[in-house]
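Observations on the model geometry
So you can see what is in the structure, the chains are spelled out below.
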Amino acid sequence: MFAPITLLTKVYHPHLSFATNTLSALLLVAFASSAQAATSDSAVSGRFEEVAALCASQTQALPAESLKSLSANRLVIDCKRLQLKRYQAEQALHSRTVEQAARQQYLIYKARAWLDYASYQDTIDSRSIAETQALHAADTILQALLTSTEQNLALNPDIPTSSALMRPDLWAILTALKDSGGINYAPKELAFSEVGLIWAAADHCAHGSSQLGSRFTMADRWLEQARESYINVHDSKVNVALEQLINRYYKQYASLDPSDDSCHGQSFLAPIPDVDTL
């Protein structure tokens, strides 16, 4: 689980204001340059290096109290998005197995989804621990990618304390697909649906049933696309095994759905053994 960190109210700090304004300007230049077909790869790389250096220096220069503020979090979110973009561009130049490439894409998309969640929390000026947990989750993935230790990341990490395991039917599909190699066929869909389920449950705990529908519906659509991609490339025997695994996971997860719609996180149990080993 994530260690709780208290977010302070937004404060003005001259160093923070300068860093944010300068970073925003350089980000616009860097991304605009990368979008121009005539721009050379070396020039774009130089822009990214410049912004990355600014991210590191300005973030480190900020006082501790500013780094905990929501305004400083916006700077951190933008920096991490840039680091992900650079990492993804660099990885496109390397040859990897299908499984390695798919897992990296899954983690990149998952980190992006966590940063989107953190950005949303920052935009609505939330005082929830959810923003800190989303940033922590994104940073954990990013640092693992940058240090080539992504194999150490858990395939099914715990749900943070700001959320809960709601919609066990969707969680069962997600976990069964990941256990069955579904990441190879739908890395983006599985990454977005996973963070989407956590986001949807957290919103429900914070705002009630008015927030329940749309985000769960979006996660459901991502999962349906992932399921279809998997089914289309496998024979009937494999697909029947997937459905059996989904049913077993559902039975395991159904009792974990909080009856009082409260959020206290969730530690996942060990993967269900293959049907042939039961």
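Residues numbered from 1 in each chain as written. Predicted model: local features only at pLDDT ≥ 70, side-chain atom pairs only at ≥ 80, totals over all residues. Heavy atoms only, no water.

Regarding the state of the cysteines
- Tallied over the full model, the rule gives 1 disulfide.
- Note that Cys205 is cross-linked by a disulfide to Cys263, the S-S spacing being 2.0 Å. Taking the sign of the torsion about the S-S bond as the criterion, the disulfide between Cys205 and Cys263, at about 85°, is right-handed. Of this pair, Cys205 sits in helix H8 (residues 187-207) while Cys263 sits in the segment after helix H10 (236-254); the two residues are 58 residues apart in sequence, bridging distant segments of the chain.
- We classify Cys205 as partly exposed; its relative accessible area is 27%. (Disulfide = S-S within 2.5 Å. Helix = DSSP H or I, 4+ residues; strand = E, 2+ residues; numbered from the N terminus. Buried < 20%, exposed > 50% of the residue type's maximum accessible area, 1.4 Å probe, protein only.)

Here we look at the nonpolar core
- Among the nonpolar cores identified, the biggest contains 60 residues, and Trp114, Trp171 and Leu190 are the most heavily contacted of them.
- Listed by contribution, the elements that provide at least two residues to this core are helix H4 (70-91), helix H5 (98-123), helix H6 (130-146), helix H7 (168-179), H8, helix H9 (212-232) and H10.
- Considering each element in turn, this core owes the most residues, 11 residues, to H5.
- Apart from the residues lying within four places of it in its own chain, the contact partners of Leu190 are Tyr106, Leu174, Leu177, Lys178, Gly182, Ile183, Leu223 and Ala226. (Core = buried A, V, L, I, M, F, W, Y, C linked by side-chain atoms within 4.5 Å. Contact = heavy atoms within 4.5 Å.)

Digging into unusual backbone geometry
- A positive phi angle, near 55°, is found at Ser148, a position not held by glycine.
- Here Ser148 is to be found in the loop between H6 and H7.
- For Ser148, a relative accessible area of 53% translates into the label exposed.
- For Arg167, which is not a glycine, the phi torsion comes out positive at approximately 55°.
- Relative to the elements of secondary structure, Arg167 occurs in the loop between H6 and H7.

Let's talk about the pattern of salt bridges
- Counting across every chain of the model gives 9 salt bridges.
- Glu194 is the salt-bridge partner of Lys110, the closest N and O atoms lying 2.8 Å from each other. Taken together, the positions of Lys110 in helix H5 and Glu194 in helix H8 put the pair 84 residues apart, joining distant regions of the chain.
- Residue class for Lys110 comes out buried when judged on its relative accessible area of 4%.
- Classification of Glu194 by relative accessible area gives buried; the value is 2%.
- Put simply, Arg227 and Glu243 hold a salt bridge, and the shortest N to O gap is 2.6 Å. Within this pair, whereas Arg227 is found in helix H9, its partner Glu243 is found in helix H10, the two being separated by 16 residues in sequence.
- Classification of Arg227 as buried rests on a relative accessible area of 17%.
- One network of salt bridges, in which partners are shared, links Lys110, Lys178 and Glu194. (Salt bridge = Lys/Arg side-chain N within 4 Å of Asp/Glu carboxyl O.)

Points about H6
- With 17 residues, H6 should cover 24 Å at 1.5 Å per step; its first-to-last C-alpha distance of 24 Å lies within 8% of that length.
- For H6, the buried fraction is high: 12 of the 17 residues fall into the buried class.
- Within the sequence span of H6, burial applies to Ala130, Glu131, Thr132, Gln133, Ala134, Leu135, Ala137, Ala138, Ile141, Leu142, Ala144 and Leu145.
- Taken from the residues just after H6, Ser148 is the one with a positive phi, measuring 55°. (Expected span 1.5 Å × (residues − 1).)

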